[in-house]
Number of protein chains: 2
Amino acid sequence: MATTKVSFVDVEDLPDIAAGAAILGTGGGGDPHIGRLLAAAALRRHGPVRLVGLDDLPSDAVVLPVSLMGAPTVMVEKPPSVDQVALVVDTLAGYLGRAVTHIACAEAGGVNSLIPFVAAARLDVPLVDADMMGRAFPELQMVLPSLYGVPTTPMVIADEKGNRAVLDTVDNHWAERLARSATIDMGCTAVIATCPMTGQQAGESLVPGTLTLCRELGRLLRTSKAEHRDPVDGVVTRLRGGRLFSGKVVDVARRTVTGFARGEARLSGTDEHAGGELVLRFQNEHLIAEVDGVVRASVPDLLCTLDTETGTAVTTEALRYGQRLTVIVAPADPRWHTPGGIELAGPRYFGYDMDPVRFGEEP
Amino acid sequence: MATTKVSFVDVEDLPDIAAGAAILGTGGGGDPHIGRLLAAAALRRHGPVRLVGLDDLPSDAVVLPVSLMGAPTVMVEKPPSVDQVALVVDTLAGYLGRAVTHIACAEAGGVNSLIPFVAAARLDVPLVDADMMGRAFPELQMVLPSLYGVPTTPMVIADEKGNRAVLDTVDNHWAERLARSATIDMGCTAVIATCPMTGQQAGESLVPGTLTLCRELGRLLRTSKAEHRDPVDGVVTRLRGGRLFSGKVVDVARRTVTGFARGEARLSGTDEHAGGELVLRFQNEHLIAEVDGVVRASVPDLLCTLDTETGTAVTTEALRYGQRLTVIVAPADPRWHTPGGIELAGPRYFGYDMDPVRFGEEP
């Protein structure tokens, strides 16, 4: 089948997209089951969503990324409504005094790659096949548009009760700070619309093809079993990454603090060649992987926890004792490895006094 | 001099207004010295402010109360700028899609009766001679318009750096909650514009003549000495209140927590007829007064701490060991003594399990 630049996504495409997005979510971005249910409800009611390639975006388009903010541990228990998603878009359009012509995806993730479908279906506008990270990160300012000078605000944040706030801040760190407090007040999860941008800004700053890649990864997992292929191998090959560790989860320490799911997981190795113990440290997303006390992978590269047998992504809030997981590493969009990218989302920002360990350049 | 319904306020009127407002501020509402300096700077630059009586307000006027939110302990160190005050009004007008025709005063207080002059002068619109409480209270929803169904939001909150948020909430308690968190993030003090209302809503819900009363009280303090009158007597008579206690401050426990100045002060009696010890409990404003362990006055009535000699109001953040104070009680606007008023701002809301002790009906 030839790739066309414009395509439609319907309900039956959602399971693959959610499953693939959860892999790129690197442990965060929300549970794919929840994301799939939400988007399916919206598409059943409002019809399929038109997907537009980044290259086909008019330069004067008004593009608005829509996502969920907060702790994935809470999102599982309190999913948003279709109207809540529409409210943030309408409120921001009102504040801007301009209609939103295209919805975009803020980050890859089981929920956050699907919420934009809810917005696009409900508001009957096309969705851009792209995202702001090529993965998921826990804080608002950690998006590639930040490197291009696109401000995070004006942004809107809304809860399920109908409370909403428009934030207009002097820099992106202030947006994160005020929005995080509001998210905590709102019950640790909220719908947000951030970084309104023109088609031209989107074209130069977003990661192209993310939703198509999500669908491809999801399909790969789904078909592997029937085709007798190892699903993890397929994912590693497609992402041009590598296997880091295979093991069994022996300990998970996780707490929902300051609006995030923070913690660490320990895996005991089942692969004799790869060392005895792996420690994963996360803040919504996996940040650092240490094998036998040595950091072997770190942000900004992608650290994905996959079920060893099925290749299904396991999010940080779903980590449980006894799971058999394979941890893979995949290279981040190269812009994350520039000095600006590392300052935004490298290990030091998260409190680890070390340079990033880049895939392919490990010690 | 006959009272005219429309008058102008110029720089030389500000000291009296600030001094009188600090009395009605019942310990809160900000330091009058700061309020006077801010308003004087604005009036010197932009000219006098036209004061409009509540009766003369067109019913379709767009009236916007502007004030400072946060801990008075911090306001003293970080006063707002004229542009910060203008920013909140402009932002709310933009969100409403309507021009603001009149500024109003949110509460009586050394700063909060003066900030509206800054807004009115800078934006060249008249100021309504009224306020939303007839005193000061620490939380956003504690305003008489709440009793008339006027919502607190849409509201705007802004800091001195230029960060701002428009809040639009499902009820006034949610407005307080989200705005309080934002205030804390913004450094425990912020400029706000709340409760946009029509002239008709203002006419039925505001307390008329507050700014004129402030000026009158301030003039009374200023002229008492030359005229050999006791200033405290003058204030008590004008407010139809009573003296509760005269004494020396022997202990002050005060901390800036959850965005408020909270604490208690102890006074040792110097008036033999009035008992041995008074305890004042406050949250920005004085809430409860106990004489020898018995509650003798409480919110919603006004509890004012005046310098025994000069009658000058002493705000809760300015209470110091050794000050000789006279504590007076004055009746609140009668609407505060309705069931709705007591629910909003009676002792129980502040955590004291007791009915209000109403002035003139003490046990």
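Residues numbered from 1 in each chain as written. Chains lettered and ligands numbered in written order. Predicted model: local features only at pLDDT ≥ 70, side-chain atom pairs only at ≥ 80, totals over all residues. Heavy atoms only, no water.

Student: I'd like to hear about the overall build of chain A, residue by residue, with values.
Tutor: A tally of regular secondary structure across chain A gives 11 helices and 17 strands. By the compact-globule yardstick of 21 Å for 363 residues, chain A fits well, its C-alpha radius of gyration being 19 Å. Projected onto the principal axes, the alpha-carbon positions of chain A cover approximately 60 × 45 × 35 Å. Counting the 363 residues in chain A, one finds 62% classified as buried. For chain A, the exposed surface amounts to about 13,500 Å²; the carbon and sulfur share of it is 50%. (Helix = DSSP H or I, 4+ residues; strand = E, 2+ residues; numbered from the N terminus. Rg over C-alpha atoms; globule rule 2.2 N^0.38 Å. Buried < 20%, exposed > 50% of the residue type's maximum accessible area, 1.4 Å probe, protein only. Areas by Shrake-Rupley, 256 points an atom, 1.4 Å probe, with all protein chains shown as cover.)

Student: Could you give an account of the interface of chain A and chain B, naming the residues involved and the relevant values?
Tutor: Between chain A and chain B, the residue contacts involve 19 residues of the former and 20 residues of the latter. Between chain A and chain B, roughly 1,800 Å² of surface is buried when both sides are summed, and carbon and sulfur atoms account for 53% of that area. Together, Asn163, Arg164 and Asp185 of chain A form the three largest contributors to the area buried by chain A at its contact with chain B, with a combined 30%. Put simply, chain A and chain B have four salt bridges between them. Taking the shortest distance from any N to any O, the salt bridge between aspartate 185 of chain B and arginine 177 of chain A comes out at 3.7 Å. In this structure, the connection of chain A to chain B is made through nine residue pairs in polar contact (both at pLDDT 80 or more). (Contact = heavy atoms within 4.5 Å. Buried area = accessible area lost by both parts, 1.4 Å probe. Salt bridge = Lys/Arg side-chain N within 4 Å of Asp/Glu carboxyl O. Polar contact = N/O pair within 3.5 Å; in protein donor to acceptor, adjacent residues only side chain to side chain.)

Student: Got a sec to walk through the UniProt feature "domain: S-Me-THD N-terminal" (unreviewed entry) in chain A? Specific residues and values, please.
Tutor: The positions that UniProt labels "domain: S-Me-THD N-terminal" (unreviewed entry) are, in the present scheme, residues 12–168 of chain A. In the segment residues 12–168 of chain A, helix accounts for 37% and strand for 20%; the C-alpha atoms at its two ends are 38 Å apart. (UniProt positions renumbered as here; feature names shortened; annotations may be inferred.)

Student: Account for the pattern of salt bridges, naming residues and giving values.
Tutor: Two side chains that carry opposite charge are able to pair once their charged atoms sit near each other. Inspection of the entire model under this criterion finds 36 salt bridges over all chains. Here the salt bridges share partners, and the residues they tie into one network are Glu264, Arg266, Glu277, Arg281 and Glu290 of chain A.

Student: Lay out the pairing of strand E17 (residues 324–330) of chain B in plain terms, naming residues and giving numbers.
Tutor: Every other side chain in a regular strand lies on the same face of the sheet, so the side chains alternate between the two faces. Residues and elements named next belong to chain B. Counting buried residues in E17 gives six out of seven residues, a clear majority hidden from the surface. Where strand E16 (residues 302–307) meets E17, six bridges bridge the pair, whose relative direction is antiparallel. When the bridges of E17 are listed, aspartate 307 appears paired with leucine 325. (Pairing = 2+ DSSP bridges.)

Student: Talk me through the side chain of arginine 281 of chain A; I want residue IDs and the actual numbers.
Tutor: Residues and elements named next belong to chain A. With respect to the element layout, arginine 281 can be found in strand E13 (residues 277–283). Of note is the side chain of arginine 281, whose polar atom sits 2.5 Å from the side chain of glutamate 264. Among all residues touching arginine 281, those that are not within four sequence positions of it are Gly263, Glu264, His286, Leu287, Ile288, Glu290 and Tyr352.

Student: Go over the domain arrangement of chain A, please, and point to the residues and values.
Tutor: Residue and element names in this part refer to chain A. The assigned domain composition of chain A is domain 1 (6–210) and domain 2 (231–350). Distance from the C-alpha centre of domain 1 to the C-alpha centre of domain 2: 24 Å. At the interface, 42 residues of domain 1 touch 35 residues of domain 2. Together domain 1 and domain 2 conceal approximately 2,800 Å² of surface at their shared face, both sides included; 67% is due to carbon and sulfur atoms. (Domains from an automatic or database assignment.)

Student: Break down the relation of the copies chain A and chain B for me, citing the residues and quoting the values.
Tutor: Between the two copies, chain A and chain B, the superposition gives an RMSD of 0.0 Å; the rotation angle is 180° and the shift along the axis is 0.0 Å. A rotation of that kind, with that shift, is consistent with a two-fold axis. Residues of chain A ranked by C-alpha distance from the rotation axis are headed by valine 166 of chain A, positioned 2.4 Å from it. Here 100% of the interface residues in chain A have copies in chain B that are interface residues too; the copies meet face to matching face. (Least-squares fit on C-alpha atoms with pLDDT ≥ 70 in both.)

Student: Which residues make up the packing of helix H1 (residues 14–24) of chain B against helix H9 (residues 210–224) of chain B, and what values go with them?
Tutor: All names here are of chain B. At a closest axis distance of 6 Å, the pairing of H1 and H9 adopts a crossing angle of 105°. When the interaxial angle is binned, H1 and H9 end up roughly perpendicular. Contacts between H1 and H9 pair Asp16, Ile17, Ala19, Gly20, Ala21, Ile23 and Leu24 from the former with Thr210, Leu211, Leu213, Cys214, Arg215, Leu217, Gly218, Arg219, Leu221 and Arg222 from the latter. (Axes fitted to C-alpha atoms, helices over the stretch in contact; angles between N-to-C directions. Parallel < 35°, antiparallel > 145°, perpendicular 65-115°, else oblique.)

Student: Explain the environment of alanine 42 of chain B to me, using residue names and the numbers behind them.
Tutor: All names here are of chain B. With respect to the helices, strands and loops of the structure, alanine 42 is situated in helix H2 (residues 32–46). Sequence spacing of alanine 42 and alanine 261 is 219 residues, and the spatial spacing of their C-alpha atoms is 27 Å. Those residues in contact with alanine 42 that lie beyond four places of it in its chain are Gly47, Val82, Val118 and Ala121.

Student: If you had to explain the side chain of threonine 315 of chain A to someone new, which residues and values would you point to?
Tutor: Residues and elements named next belong to chain A. Inspection of the secondary structure puts threonine 315 in the loop between strand E16 (302–307) and strand E17 (324–330). Threonine 315 gets classed as buried once you look at its relative accessible area, which sits at 2%. If we ignore the near neighbours within four places in the chain, the residues touching threonine 315 are Gly27, Gly28, Gly30 and Pro32.

Student: Mind laying out the sheet that holds strand E12 (residues 260–269) of chain B, listing which residues take part and the relevant values?
Tutor: Residues and elements named next belong to chain B. Spatial strand order, E15-E14-E13-E12-E11-E17-E16: seven strands in an open sheet with antiparallel pairing. Looking at which strands have only one partner, the edges of the open sheet turn out to be strand E15 (294–298) and E16. Strand after strand, the sheet turns through a mean of 35° between neighbouring axes, direction not considered. Bridging between E12 and strand E13 (residues 277–283) involves seven bridges; their strand directions are antiparallel. Residue leucine 267 lies in a different strand from E13, and its bridge partner there is leucine 278. Contacting strand E11 (242–257), E16 and E17, helix H10 (residues 231–239) crosses the sheet at an angle of about 10° to E17.

Student: Which residues make up helix H10 (residues 231–239) of chain A, and what values go with them?
Tutor: Residue and element names in this part refer to chain A. Burial in H10 covers these residues: Pro231, Val232, Gly234, Val235, Val236 and Leu239. Tucked into the core, H10 has its buried residues touching helix H1 (14–24), helix H9 (210–224), strand E11 (242–257), E16 and E17. The first or second residue beyond H10 is arginine 240, which carries a positive phi of 55°.

Student: Can you tell me about the pairing of E11 of chain B, naming the residues and giving the values?
Tutor: All names here are of chain B. Of the pairings in the sheet, the one linking E11 to E17 comprises six bridges and is antiparallel in character. Within E17, the residue paired with glycine 247 across the bridge is leucine 325. With 10 bridges connecting them, E11 and E12 associate as antiparallel partners. The partner of threonine 256 across the bridge, within E12, is alanine 261. Between E11 and E12, which follow one another and run antiparallel, lie two residues, and threonine 258 among them has a positive phi close to 45°.

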